[in-house]
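# Observations on the model geometry
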Amino acid sequence: MSEWWRSAVLYQIYVRSFADSDGDGVGDLRGIRSRLPYLRELGVDGIWLTPFYPSPGADHGYDVSDYVDVHPQFGTLADFDALVAGAHELGLRLIVDIVPNHTSNEHRWFRNAIADPAHADRARYFFRPGRDGGPPNGWTSAFGGPAWTRDERTGDYYLHFFAPEQPDLDWHQQSVRREFEDVLRFWLDRGVDGFRIDVAHALFKAQDLREMHEPVPRTWDGDWLTALDQPELHDLYRGWRQLADTYPGERMFVGEIVLRNQETIARYVRPDELQLAFNFALLHETWDATAIRETIDATRTALGAVGAPSTWVFENHDVTRLPTRYGGGAQGARRARAAALLLLALPGTAFVYEGQELGLEEVDLPDELRQDPIFFRTKGERPGRDGCRVPIPWENEPPGFGFTTGTPWLPIPEEWATVTVVAQAGDPASMLELYRAGLALRPREEPFAWRESPPGTLAFTRGGLLCVVNVDAAAIPLPAGELLLASDPDLRDILPRDTAVWLTTKGERCEHRSESGRSATWRPASTRPATSPSSAVRRPRRRSALPLSDSGI
Ligand code: GLC
């Protein structure tokens, strides 16, 4: 085995919304197990399950009340064991989500802390006296409103970066660290291949909970700068890595490290720390060739410097679906298809969020159906994340669409009848078949090199495969080579904007003579440094207007 995660494609399963086996309208572990053959056929290497632990559901499972069990709505530990076994039988890896930044307010530690102010468990959280008749400091919650809630009994406040039902743990307490090591062992013993670490960059808060008054104006996370990227994290993750390395089978960690600077992120994936960190840079990038190229270069340079693979993410359960972000409708669909070929050709590890392979759009739900705490805590100012969490349409029959025999917990739009798995399977023009073909042909270990290409386009090779994406240029001639895959099934010898192709390359030069007689040359750009000439003189990065994720962190 050789560090399987370095070139893997991991498929994110939002457990509530993938497949329901018992008709209650909510996805579950048995449902997932029944769909493993689909994932095998799709061609991914493994799955990441969002939290399925006992939870009151204030943040749909990211508020855990027991870290070592399964919520009855999702099944039992025996169902979990069967799912792991089933995945492994099919050669699929399985990683689980661990939520160490906060517990549920119904976790026994927090219940003890509230019931008895003298209880030792109170020290596991941040209870602090108020200041000037208000909270201890001015930090705000990622979900809106203050990050502090008053404990009516004592008048103290407790800290929660997310909902009040998600009190933050104090990671300076050794007991917290020890308990989580036991949690990791519990799931490692059950055979998981690794963990996705929720909010991995924010576990330690500077002990004085200092407020930041600089920089001015404050950035979206400006309040919390003394609680992000604290030096203690590295020692913690080294310890976790050592623990996981005592198990056979190459167990892996991927951290949700939401920081802007790739060099800072790279410090978390040094050889003795986490194996992977999500890279949300492309996810928040606009459809702009120069920006995409700069992001790819910055990522590869920073991660390459510590010997870690780059990761690529276009969608997850916290952000608006990609076709919608890219303009929706026909344009969004064309761009999402081109982005699929880009994603699967890039070197490193790719994450695919359930339904991304179907090209699903964000669903505009009526307010009365919304469930995300973001919607409620911001009084509707931010719609929240329900629109990307609508269950998967497997078959063509509404209302359950093969997801459930009951009523789906969020309604599946009737118009999705044309984009179900059944409707797309076998149709060579479908998004599903594009993903299947891309996953089958995807380069793995082959070296990456940019090729020169016209402005507005991206071209690079992975060994004998040439990927060309026309992001925002006028139509360009296709270079020579055998066409392996095209994002536009009707594509002939030109590549219009918003399309991508994979071709085989032969030799160091590929030339194409277009019908007009003009010849386009696609020279290797391998003599360049890892950063492109355009980025050698680095322009200031455009800042995305969006927070780095819709969860606000
Ligand atoms: C992460 C999760 C998000 C969750 C938040 C709090 O950002 O991806 O879904 O709401 O953490 O746990």
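Notes on the structure follow.

## Section: the nonpolar core
Counting 159 residues, the largest nonpolar core has Tyr 11, Leu 39, Leu 49, Phe 52, Phe 80, Leu 94 and Tyr 237 as the members making the most contacts within it. When residues of this core are assigned to their parent elements, the largest contribution, nine residues, is made by helix H10 (residues 329-345). If near-sequence neighbours (up to four positions away) are discounted, Leu 49 is found in contact with Ile 13, Val 15, Leu 29, Ile 32, Phe 80, Leu 83, Leu 94, Ile 95, Val 96 and Asp 97.

## A word on the sheet that holds strand E16 (residues 483-486)
Strand order in the open sheet made by the five strands is E12-E13-E14-E18-E16, with antiparallel pairing throughout. Edge positions in the sheet fall to strand E12 (448-450) and E16, since each of these pairs with one other strand and no more. The sheet shows a mean angle of 20° between the axes of neighbouring strands, direction not considered. By the bridge criterion, three bridges tie E16 to strand E18 (residues 499-504) in an arrangement that is antiparallel. Paired with Leu 483 across the two strands is Leu 503, which belongs to E18. Sheet contacts for H10: strand E13 (457-462), strand E14 (465-470), E16 and E18; angle to E18, the most-contacted strand, approximately 35°. Sitting on the sheet, helix H13 (residues 431-441) is in contact with E14, E16 and E18, with an inclination near 140° to E16.

## As for the side chain of Asp 20
If you trace the backbone, Asp 20 turns up in the loop between strand E1 (9-13) and helix H1 (29-34). Buried within the structure, Asp 20 lacks any salt-bridge partner; Arg 30 is the closest side chain of opposite charge, at an N-O distance of 10 Å. Among the polar contacts listed, one links the side chain of Asp 20 to the backbone nitrogen of Asp 24, at a separation of 3.1 Å. Here the side chain of Asp 20 touches Gly 25 through a polar contact of 2.8 Å, landing on its backbone nitrogen. Residue contacts for Asp 20: discarding those within four places in its chain leaves Gly 25, Val 26, Gly 27, Asp 28, Phe 403 and Thr 404.

About the criteria used
Residues numbered from 1 in each chain as written. Predicted model: local features only at pLDDT ≥ 70, side-chain atom pairs only at ≥ 80, totals over all residues. Heavy atoms only, no water. Core = buried A, V, L, I, M, F, W, Y, C linked by side-chain atoms within 4.5 Å. Buried < 20%, exposed > 50% of the residue type's maximum accessible area, 1.4 Å probe, protein only. Helix = DSSP H or I, 4+ residues; strand = E, 2+ residues; numbered from the N terminus. Contact = heavy atoms within 4.5 Å. Pairing = 2+ DSSP bridges. Axes fitted to C-alpha atoms, helices over the stretch in contact; angles between N-to-C directions. Lys, Arg positive; Asp, Glu negative; His and termini not counted. Salt bridge = Lys/Arg side-chain N within 4 Å of Asp/Glu carboxyl O. Polar contact = N/O pair within 3.5 Å; in protein donor to acceptor, adjacent residues only side chain to side chain.

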